[in-house]
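# Commentary on secondary and tertiary structure
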Amino acid sequence: MESSLIDLVFRSDKRKNLLILLDSGSKSIDEIRDELDVTATSILPQIKKLIDSDLIVQEDRMYKLTVLGEFIIKKVKPLISALDVVEKNNSYWTGHDLNSIPRHLLERIAELGDCTLIEPDLNHIYEPSQKIIDSMVNAKMTATFASYFNPAYLPLYVELGRKDAELSLNFTQSVWDYLSNEHSDMIKELMGMDNVSIYISREVKISEITVTDEIMLLGLFDKNGKFDQQFILSFEPGARKWGQELFDYLKRLSKQVK
């Protein structure tokens, strides 16, 4: 029975999407057809299978989840969402080291929602992604942890600080040593701002996590410990909350620079 239910839910996108749709409330066949962008002819056989398995029921020309259907979809929905996140950028998640992400956040990876993979521009390999810069330039708050840092970001942080954005910057010791030695003027200016907090962290195998009031940006090292300048970018509110929790976790492992 357990195996047949798994097949019933996962082996058909139409059935899976229908169950997710009905989780928001009863729907007519016309609403199902319109919202799932399917024909009545193609969806009716799937509806019959779900009715026969006691996952949905028809009442007064409306379809809704049964009690069993509600229970199943509440358990399955987070898994479906997590699979959607991973499958959209499967090569990134399977090719990078996830060990430094706390287990409780990995279990909530579905919260990242619709993510975009940012890859390096081979014509401007040593410059930060313009898409990342554009998404950060008007931020009112920015929290960044970095164990691999492109100095080209420093002018952006100085500019944000001058605009009174709240900045919380967390660098590993090696990054901090480099920035404070090679870019001391900008570091001193940042440290002189009341709206900027700077921390030094122990070495962690996360290249970057940046959260602003608009984005969540995540960079990981590959499984060989190398940084390939690939990032996961999300504008989802759930992703920003997830990223802030990851940043706060790393901040607890750090000491503030006075």
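Structure report, in brief.

The rules behind these values
Residues numbered from 1 in each chain as written. Predicted model: local features only at pLDDT ≥ 70, side-chain atom pairs only at ≥ 80, totals over all residues. Heavy atoms only, no water. Patch = residues over 30% accessible without salt bridge, like charges linked within 9 Å, V, L, I, M, F, W, Y side chains within 5 Å. Areas by Shrake-Rupley, 256 points an atom, 1.4 Å probe, with all protein chains shown as cover. Salt bridge = Lys/Arg side-chain N within 4 Å of Asp/Glu carboxyl O. Helix = DSSP H or I, 4+ residues; strand = E, 2+ residues; numbered from the N terminus. Buried < 20%, exposed > 50% of the residue type's maximum accessible area, 1.4 Å probe, protein only. Pairing = 2+ DSSP bridges. Axes fitted to C-alpha atoms, helices over the stretch in contact; angles between N-to-C directions. Contact = heavy atoms within 4.5 Å. Core = buried A, V, L, I, M, F, W, Y, C linked by side-chain atoms within 4.5 Å. Phe/Tyr/Trp six-rings, centres within 6.5 Å; stacked < 30°, edge-to-face > 60°.

### Some thoughts on a nonpolar patch on the surface
- Taken together, I6, F10, L79 and L83 make up a surface patch of nonpolar side chains, about 320 Å² in accessible area.
- For the nonpolar patch, the secondary structure elements donating two or more residues are α1 (2-10) and α5 (67-88).
- Residue class for F10 comes out partly exposed when judged on its relative accessible area of 31%.

### Concerning the sheet that holds strand β2 (residues 56-59)
- Pairing within the open sheet is antiparallel, and its 3 strands lie in the order β1-β3-β2. Each edge of the sheet is formed by a strand with only one pairing partner; in this case those strands are β1 (27-28) and β2.
- Bridge count between β1 and strand β3 (residues 62-65): 2 bridges; the pairing is antiparallel. What sits directly across from S28, in β3, is M62.

### Side note on the sheet that holds strand β9 (residues 216-220)
- The 8 strands are arranged β4-β10-β9-β8-β5-β6-β7-β11 in an open sheet whose pairing can be described as mixed. Two strands in the sheet have a free side with no partner beyond their single neighbour: β4 (115-118) and β11 (254-256). Averaged over all pairs of adjacent strands, the angle between strand axes in this sheet comes to 15°, irrespective of strand direction.
- Bridge analysis of strand β5 (residues 141-146) against strand β8 (residues 206-212) gives 5 bridges, and the strand direction is antiparallel. Bridge pairing in β8 links A143 to V211.
- Against the sheet, helix α9 (residues 154-162) touches β5, β6 (166-172) and β8, its axis set at about 150° to β6.

### A few points about the nonpolar core
- In this structure, F149, Y157, L167, L169, F171, L190 and I198 are the most contacted members of the largest nonpolar core, which totals 33 residues.
- For this core, the secondary structure elements donating two or more residues are α8 (130-136), α9, β6, α10 (173-182), α11 (184-191), β7 (196-201) and β10 (231-234).
- Sort the elements by how many residues they give to this core and α9 lands first, with 5 residues.
- Here F149 is in contact with L154, Y157, F171, V175 and L179, once residues within four sequence places are set aside.
- Grouped together as the second largest cluster of nonpolar side chains are 25 residues, A82, Y92, W242 and L246 included.

### Focus: the packing of aromatic side chains
- Taken as a whole, this structure holds 4 aromatic pairs when the rule is applied.
- By the ring-pair criterion, three or more aromatic residues cluster together here, those being Y148, F221, F227 and F231.

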